[in-house]
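One-letter residues, chain by chain:
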Amino acid sequence: MRKLTIIVSLFAGTFAFSQASEAKVRELIKITGADKMAIAGMQQSIPEIKKESPNISDEFWSEFMAEVTTDRITEMYIPIYSKYYTESEVDELIRFYKSPIGQKTLAVLPTIMKESVEAGQKMGREITIKVKEKLDKKAGYQSPPPPMPEKNK
């Protein structure tokens, strides 16, 4: 009987730990707005998908997005966050994101990400031109000069 009590206690403790961990992960997701950011990202990607697949109706996209809820995103994220963060790490993240610098991070991160993507695209274009010119020169090929602007006749 004593062994059974110990085993039941261990299972109960494990269950209580996972419940507390899930609640904390849920709090972290809410504080960071990760669920809302995921939905916003999906909404922003739909126009691009529509261009690639114009035969998909607007009704489909409306119904699709109606199924994408913050609760559903949160449920999907909980096991992922739990896989990589311990409960004490989640506690630290919650404290951080509740702090003034954590709140500032949440406020400016979307802008930082947008500007970083734009800067990366610009850098990529510049490197592309540089590498193309280098390879053209190596091969003895000169890219034709850009067309001259037409003069008013």
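Up top you'll find the structure we're talking about.
Our focus in this paragraph is the pattern of salt bridges. This structure, assessed with the given rule, holds eleven salt bridges. One salt bridge connects Glu75 with Arg26, and the closest N-O pair in it is separated by 2.8 Å. Linking Glu75 in helix α4 (residues 70-84) with Arg26 in helix α1 (residues 2-32), this pair joins segments that are 49 residues apart in sequence. According to the relative accessible area criterion, Glu75 is partly exposed, its value standing at 42%. Between Lys114 and Glu118 there is a salt bridge; the shortest N-O distance is 2.9 Å. Of the two residues, Lys114 and Glu118 both sit in helix α6 (residues 100-138), four residues apart, roughly one turn of that helix. Classification of Lys114 as exposed rests on a relative accessible area of 53%. A single network of salt bridges, built from pairs that share partners, joins Glu22, Arg26 and Glu75.

Rules used in this analysis
- Residues take numbers from 1 onward in each chain, read along the sequence in its written order.
- Totals for whole chains, interfaces and linings use every residue, but because this is a predicted model, local features are given only for residues with pLDDT of at least 70 and side-chain atom pairs only at 80 or more, for both listing and counting.
- Hydrogen atoms and water are omitted, and side-chain values are computed over all heavy atoms in the structure.
- A side-chain nitrogen of Lys or Arg and a carboxyl oxygen of Asp or Glu constitute a salt bridge if their distance falls within 4 Å.
- The helix and strand labels rest on DSSP assignments: H or I over at least four residues marks a helix, E over at least two residues marks a strand, and numbering proceeds from the N terminus.
- Burial classes follow relative accessibility: with a 1.4 Å probe on protein chains only, a residue under 20% of its type's maximum area counts as buried, one over 50% as exposed, and anything between as partly exposed.

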